[in-house]
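Residue strings, one per chain:
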Amino acid sequence: MSEPAPEASPSPYPLGLRLAGRRVVVVGGGAVATRRVPALLDAGADVLLVSPELTPALRAHADAGRLRWEPRRFAPGDLDGAWLVQVAVDDRVAAAAVSAAAAERRIFCVRADDRAAASAWTPAVTRHGPVTVAVLGGGDPRRAMTVRNAVRDLLGARKGPLLTPPVEEGAPSNTTGGRVALVGAGPGDPELITVKGWRLLTEAEVVVADRLVPGLLLDELRPDVELVDASKIPYGPSRTQEEINRILVDRARAGKVVVRLKGGDPYVFGRGGEELLACAEAGVPVTVVPGVTSAVAVPGVAGVPVTHRGVAHEFTVVSGHVAPDSPASLVRWEALAGLRGTLVVLMGLKNLAAIAATLIAHGKPADTPAAVIQEGTTAAQRTLRSTLATVAADVEAAALRPPAIVVIGDVVHALTP
């Protein structure tokens, strides 16, 4: 790793880049790119990602059409028309070649491998509503992070004390000092993580993150944090749960502070219980930080309350990733068909047609209102309202894709005129 720039060197000129619609090239498809790409997409950049391989999280962005992926090595022509390039590889020879091509075209170049050789630095960033604060530490990322964290504390200060105890409090001791926190990151909006969850992220030395974790949270990690992409793309490549459990235990036994960052809440179809049991059997102390679950938050943000006075006095949350007629299904769909309240289905888009047909076959009225919310609480949120009989066809026609929440019941129209 290169040394921080000398104090006597010229100071960088701070600038806020308006990248909406402008081409940004990212070279490399690993952990660094996984951190940086979400912020570029959030800025509206037209991202071209050049790398033979991608992490599952980056592949999800490519599959969703948020960026263009060229599955090959970098070529100088990739920079034609670009405004900025982010070099996210640790091969100094390859990075230097990108820098040279950028210099020829007078394009600013950020380099993850060598700050001294870069023509631009990525600051430590914190976001608070419409306010974005970027801190440069004279080439020292640790200094920048320290100042950034202090600024974030000031921006996020609340009246009264924060009563969340340190993660060590009440946890069994171990000989290495390592520990694991199962942290729910919320449904998609990075500001919906809890204060305690964010604090533990700032303390983490290892972060094991799922695909549905808000990408901007990863962008704010310290540069020395080990990021393990444990993404589980539906019906695609995935790490086995046993491997994830092993990573948590091994890193904690090595004395590391490990955060298992999971979309929504760790225990709502998140396998948090399996991870806690694995850590407990290995003698690793665990802290559980609940998260805002998408089962309630996403419908609410879309104007669909899961309960409403005079409309629904109950709501039921089920997983739809297993087809109703599968022997592996643990859901009694015939019983759900007879309920008068709200039915919330997670991970059910692939089996939506079968789910709807099964409910109707067991007596659920075909004209029962239904809604589907894609990527709720994010800028990409889309909401479709339909009926139980037609919702699967309407979803296909609208080209909705996972992650999406399905809500079935009269609450779908409770807040609409």
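Just so it is clear, the model here is predicted, and its values are computed rather than measured.

Cut-offs and rules
Sequence order as written defines residue numbering, which begins from 1 separately in each chain. With the structure being a predicted model, the display of local features is reserved for residues of pLDDT at least 70 and the display and counting of side-chain atom pairs for 80 or more, all residues being used for whole-chain, interface and lining totals. Neither water nor hydrogens contribute to the side-chain values; these are computed over all heavy atoms in the structure. A carboxyl oxygen of Asp or Glu within 4 Å of a side-chain nitrogen of Lys or Arg is what we treat as a salt bridge. A run of H or I in DSSP becomes a helix once it reaches four residues, and a run of E becomes a strand once it reaches two; helices and strands are each numbered from the N terminus. The rule is simple: take the accessible area with a 1.4 Å probe, protein chains only, and divide by the maximum for that residue type; under 20% is buried, over 50% is exposed, in between is partly exposed. Of the two site types, the cavity is a set of points on a 1 Å grid over the protein atoms alone where a 1.4 Å probe fits but cannot get out, and the pocket is an open set with protein on both sides within 12 Å along at least five of seven lines, each lined by residues with an atom within 4 Å of a point. Grid points are joined across faces, edges and corners, and a volume is the space filled by probe spheres set on the points. Amino acid classes used here: Ala, Val, Leu, Ile, Met, Phe, Trp, Tyr, Cys and Pro are nonpolar; Asp, Glu, Lys and Arg are charged; the rest, including Gly, are polar. At least two DSSP bridges between two strands are needed for those strands to be called paired. With the strands aimed away from the viewer, a crossover counts as right-handed if its path from the first strand over the helix to the second runs clockwise. As a rule, the C-alpha atoms of each element are fitted with a line to give its axis, helices using only the stretch in contact, and angles between N-to-C directions run from 0 to 180 degrees. Residues count as neighbours in contact if any of their non-hydrogen atoms are within 4.5 Å of one another.

Undergrad: Just checking my understanding: could you explain the pattern of salt bridges for this structure?
TA: Between side chains of opposite charge, a pair can form as their charged atoms come close. Taken as a whole, this structure holds 25 salt bridges when the rule is applied. Of the charged contacts, one joins Arg36 and Asp219 as a salt bridge, the two residues approaching to 2.9 Å between their closest N and O atoms. Here Arg36, found in helix H1 (residues 31-42), pairs with Asp219, found in helix H6 (residues 215-219); they are 183 residues apart in sequence, far enough to count as distant. There is no split in this pair, since Arg36 and Asp219 are both buried. The salt bridge involving Arg72 is made with Asp78; its shortest N-O contact spans 2.7 Å.

Undergrad: In this structure, what is going on with empty space enclosed by the protein? I would like to understand it.
TA: In this approach the atoms are scanned with a rolling probe the size of a water molecule, which exposes any empty space left behind. Counting across every chain of the model gives two cavities of 30 Å³ or more. Considered as a void within the structure, the largest cavity measures approximately 90 Å³ in volume. Taken together, Arg148, Asn149, Arg152, Trp198, Leu201, Thr202, Leu217, Glu220, Leu221 and Arg222 form the lining of the largest cavity. Across the lining of the largest cavity, the residue classes break down as four nonpolar, two polar and four charged. The space that makes up the second largest cavity amounts to roughly 30 Å³. For the second largest cavity, the full set of lining residues is Leu336, Leu339, Gly341, Thr342, Leu343 and Lys364. Across the lining of the second largest cavity, the residue classes tally to three nonpolar, two polar and one charged.

Undergrad: Is there a simple way to explain the pairing of strand S4 (residues 82-87) in this structure?
TA: Consecutive side chains along a regular strand alternate between the two faces of the sheet. Across the six residues that make up S4, a large majority, five, are buried. Sheet topology note: the strand S1 (residues 23-27)/S4 ladder contains five bridges and is parallel. Residue pairing across strands places Val27 opposite Val87, the latter belonging to S4. As judged from the four bridges shared by S4 and strand S5 (residues 108-111), these two strands associate in the parallel manner. From the neighbouring strand, Val87 faces S5, where its bridge partner is Arg111. Regarding topology, helix H3 (residues 92-104) serves as the crossover connection from S4 to the parallel S5, and that connection is right-handed.

Undergrad: Explanation requested: the sheet that holds strand S13 (residues 315-319) in the structure shown.
TA: Strand pairing within a sheet occurs via backbone hydrogen bonds; the two strands may be parallel or antiparallel. Spatial ordering of the open sheet is given by S13-S14-S17-S15-S16, a layout of five strands whose pairing is mixed. Taken across any chain shown, the strands that pair with only one partner, and hence form the sheet edges, are S13 and strand S16 (382-387). Going from strand to strand, the sheet's axes swing by 20° on average, the running direction of each strand aside. Pairing of strand S14 (residues 342-346) with strand S17 (residues 404-408) involves four bridges; the strand directions are antiparallel. By the bridge assignment, Val345 is partnered in S17 with Val406. On top of the sheet, helix H9 (residues 294-301) reaches S13, S14, strand S15 (369-374) and S17; it is set at about 80° to S17, its chief contact.

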